[in-house]
Amino acid sequence: MNESKLTREAPREAPALLPPVDVIEDAEGITLYADLPGVSKERLTVQVEADTLTLSGEMDLAMPQGMAATHAEVTLPGYRRVFTLSKELDAQKLSAELKNGVLKLRIGKVAHAQPRKVQIKVD
Amino acid sequence: MDVSLFPRDMFAELDRLQRQMQQAFEFSPSIRGFARGGFPALNVGSTPQSVEIYAYVPGVDPASIEVSLERGVLTVSGERASGLKGLGPKDTVHIEERFAGKFRRVVTLSDDLDPDAVEAHCKDGLLHISIKRKAAAQPRRITIQ
């Protein structure tokens, strides 16, 4: 699985920030960390549809009345990122955890996709 | 997009093209917000009574963030641990985009702020610092007699 296959921008939707992610693969599955500051558990959506994984979240922006922005680096109120999962990943084995604005997503591999050591016989 | 076959004014056409390019770019690289201004990303706003600073600090323990205000200069500093620590020899990193390491951002604010009236809250990786302006600096309505 290479990077270009894993990352893909969502077509025709409201503009959203692309959250930075780390993706790590080990023998049993894939772990994804995504920075989603300002998103509470209630406003975060993790969706798997066929082989497409969509992360989206809206920020809780409670700003004081009459505030005028003087400097803005975060200019959109939400995040979205779409990934294409490969066949050996099992959407049933998915767990998500949100802490301090970081989403940790764990996707397990289907049993037969886990590596097996092939014994080489010497005659 | 409508492009006339025979542009009457080459420069106007180029200008229009440049604007279109700019618009296209504003939605792609700067959309990340984070890569541009460093970590943490900051939004600053002001009201007549206060200055509000929003620092986006995902994955940082709120207790470990240092916030200081000295003569109108606000400093937010701390450290964020890498999520890639403790990898096994057979683990593969496919994407590595998140910030890791020490951070420090300094913002110069106006000098009418009251250093004793600072409040900081952190929720879901978003640090909100609210600094009140000094009473004397707040706008007062002057009655005309």
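For the structure itself, look to the data block above.
The structure contained in this document is the topic of the report that follows. (Residues numbered from 1 in each chain as written. Chains lettered and ligands numbered in written order. Predicted model: local features only at pLDDT ≥ 70, side-chain atom pairs only at ≥ 80, totals over all residues. Heavy atoms only, no water.)

1. Quick word on the sheet that holds strand β3 (residues 66-70) of chain B
Residue and element names in this part refer to chain B.
Logical step 1: Overall, antiparallel pairing links the three strands, which are arranged β3-β4-β6 in an open sheet. With one partner strand each, in any of the chains shown, β3 and β6 (101-108) form the two edges of the open sheet. Strand-to-strand twist across the sheet, computed as the mean angle between neighbouring axes with direction ignored, equals 15°. (Pairing = 2+ DSSP bridges. Helix = DSSP H or I, 4+ residues; strand = E, 2+ residues; numbered from the N terminus. Axes fitted to C-alpha atoms, helices over the stretch in contact; angles between N-to-C directions.)

2. Some remarks on the sheet that holds strand β8 (residues 126-133) of chain B
Logical step 1: Pairing is antiparallel in the open sheet, where five strands are placed in the order β6(A)-β1(B)-β2(B)-β8(B)-β7(B). Each edge of the open sheet is held by one strand with a lone partner, namely β6 (68-72) of chain A together with β7 (113-123) of chain B. In this sheet, neighbouring strand axes are inclined to one another by 20° on average, regardless of whether the strands run parallel or antiparallel.
Logical step 2: Where β7 of chain B lies against β8 of chain B, seven bridges are found, and the strand directions are antiparallel. Bridging from a neighbouring strand, Leu113 of chain B pairs with Arg133 of chain B of β8 of chain B.

3. Brief notes about the interface of chain A and chain B
The parts lose accessible area when they come together, and the size of an interface is often stated as this lost area.
Logical step 1: Counting residues at the interface gives 47 residues for chain A, matched by 42 residues for chain B.
Logical step 2: With both chains or domains summed, chain A and chain B bury close to 3,600 Å², and 55% of this area falls on carbon and sulfur atoms.
Logical step 3: If you sort the residues of chain A by the area they bury against chain B, Asp22, Glu73 and Asn100 of chain A come out on top, with a joint share of 19%.
Logical step 4: The tally of links from chain A across to chain B stands at six salt bridges.
Logical step 5: In this structure, Arg81 of chain A engages Glu97 of chain B in a salt bridge whose closest nitrogen and oxygen atoms are separated by 2.8 Å.
Logical step 6: Only α1 (3-6), β2 (21-25), β3 (29-35), β4 (39-49), β6 and β7 (78-84) of chain A provide two or more residues apiece to the side of chain A that touches chain B.
Logical step 7: A breakdown of the residues in the side of chain A that touches chain B according to their chemical character gives 30 nonpolar, nine polar and eight charged.
Logical step 8: Both β6 of chain A and strand β1 (residues 41-46) of chain B contribute to a ladder of four bridges, which runs antiparallel. For His71 of chain A, the partnering residue across the bridge sits in β1 of chain B and is Val44 of chain B. (Contact = heavy atoms within 4.5 Å. Buried area = accessible area lost by both parts, 1.4 Å probe. Salt bridge = Lys/Arg side-chain N within 4 Å of Asp/Glu carboxyl O. Nonpolar A, V, L, I, M, F, W, Y, C, P; charged D, E, K, R; others polar.)

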